[in-house]
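Read off the chains here:
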Amino acid sequence: MTGLVACVVVLALATTFGLLRARRDGRLRVRTKDGTVRLSETELGGALGERATLVQFSTAFCQPCRATRRVLAEVAGMVEGVAHVEVDAEERLELVRRLEILRTPTVLVLDANGHVVRRAAGMPRKADVIAALGQVV
């Protein structure tokens, strides 16, 4: 009987965790530290956009990173003055640690000066990226 109760408790906790994670996954939000963080072209390894920059941290074996790359490239192509820069998280560990990136894909939305204004852990929806850019540009 004790084993059955333990199994039910573990299943309830796992379900709750999964639902919370699914709710937060890919949401572009503002963190308290983000407005003060500024990234330069040398740190990113690519040019900043005239109006905004979409920065994607990814890894070689990350399946959602491929879909995120397509979404961000499409949005950057739609909005004039927006650049898409992809950063390999494995090669840039010092930057990953500084920005407290815990998983890939992680997407940062930068303003024209390189300040982080939005962040999403997980694959963001195209509409959410466009809405975040609308607030920046």
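For the structure, see preceding data.
Residues numbered from 1 in each chain as written. Predicted model: local features only at pLDDT ≥ 70, side-chain atom pairs only at ≥ 80, totals over all residues. Heavy atoms only, no water.

Asker: What am I meant to see in the side chain of S58 here?
Answerer: Summarising the element assignment, S58 is placed in strand β1 (residues 52-58). Residue classification places S58 among the buried positions, given a relative accessible area of 4%. A polar side-chain atom of S58 sits 2.5 Å from a polar atom in the side chain of E86. For S58, the contacting residues outside a window of four places in its chain are C65, E86, V87, D88, A89 and T104. (Helix = DSSP H or I, 4+ residues; strand = E, 2+ residues; numbered from the N terminus. Buried < 20%, exposed > 50% of the residue type's maximum accessible area, 1.4 Å probe, protein only. Polar contact = N/O pair within 3.5 Å; in protein donor to acceptor, adjacent residues only side chain to side chain. Contact = heavy atoms within 4.5 Å.)

Asker: Help me understand the state of the cysteines in this model?
Answerer: Two cysteines joined by a covalent bond between their sulfur atoms form a disulfide. A full pass over the atoms with the stated rule returns 1 disulfide. In this model C62 forms its disulfide with C65; the gap between the sulfur atoms is 2.3 Å. Every disulfide takes its handedness from the sign of the S-S torsion; for C62 and C65 that torsion is 85°, giving right-handed. Taken individually, C62 and C65 each receive the classification buried, so the pair is uniform in this respect. (Disulfide = S-S within 2.5 Å.)

Asker: How do you make sense of the pairing of strand β2 (residues 82-88) when you look at a structure like this?
Answerer: Looking down a regular strand, the side chains alternate between one sheet face and the other. For β1 and β2, the ladder comprises 7 bridges, and the chain directions are parallel. Across the sheet, the residue bridging to V55 is V85, located in β2. Of the crossover connections in this fold, the one passing from β1 over helix α3 (residues 63-78) to the parallel β2 is right-handed. (Pairing = 2+ DSSP bridges. Right-handed = clockwise from strand over helix to strand, strands pointing away.)

Asker: Looking at this model, I keep getting lost on helix α5 (residues 126-136). Mind explaining?
Answerer: Since one α-helical turn is 3.6 residues long, residues separated by three or four positions face the same way. Those residues of α5 that sit buried are V129, A132 and L133. Each buried residue of α5 sits inside an arc of 100° when the element is viewed along its axis, so together they form one side. More than 90 degrees from the buried face of α5, the exposed residues found are G134 and Q135. Buried residues along α5 sit in contact with β1, α3, β2, β3 (106-111) and β4 (116-121). (Arc of directions from axis to C-beta.)

Geometry only, nothing functional implied.
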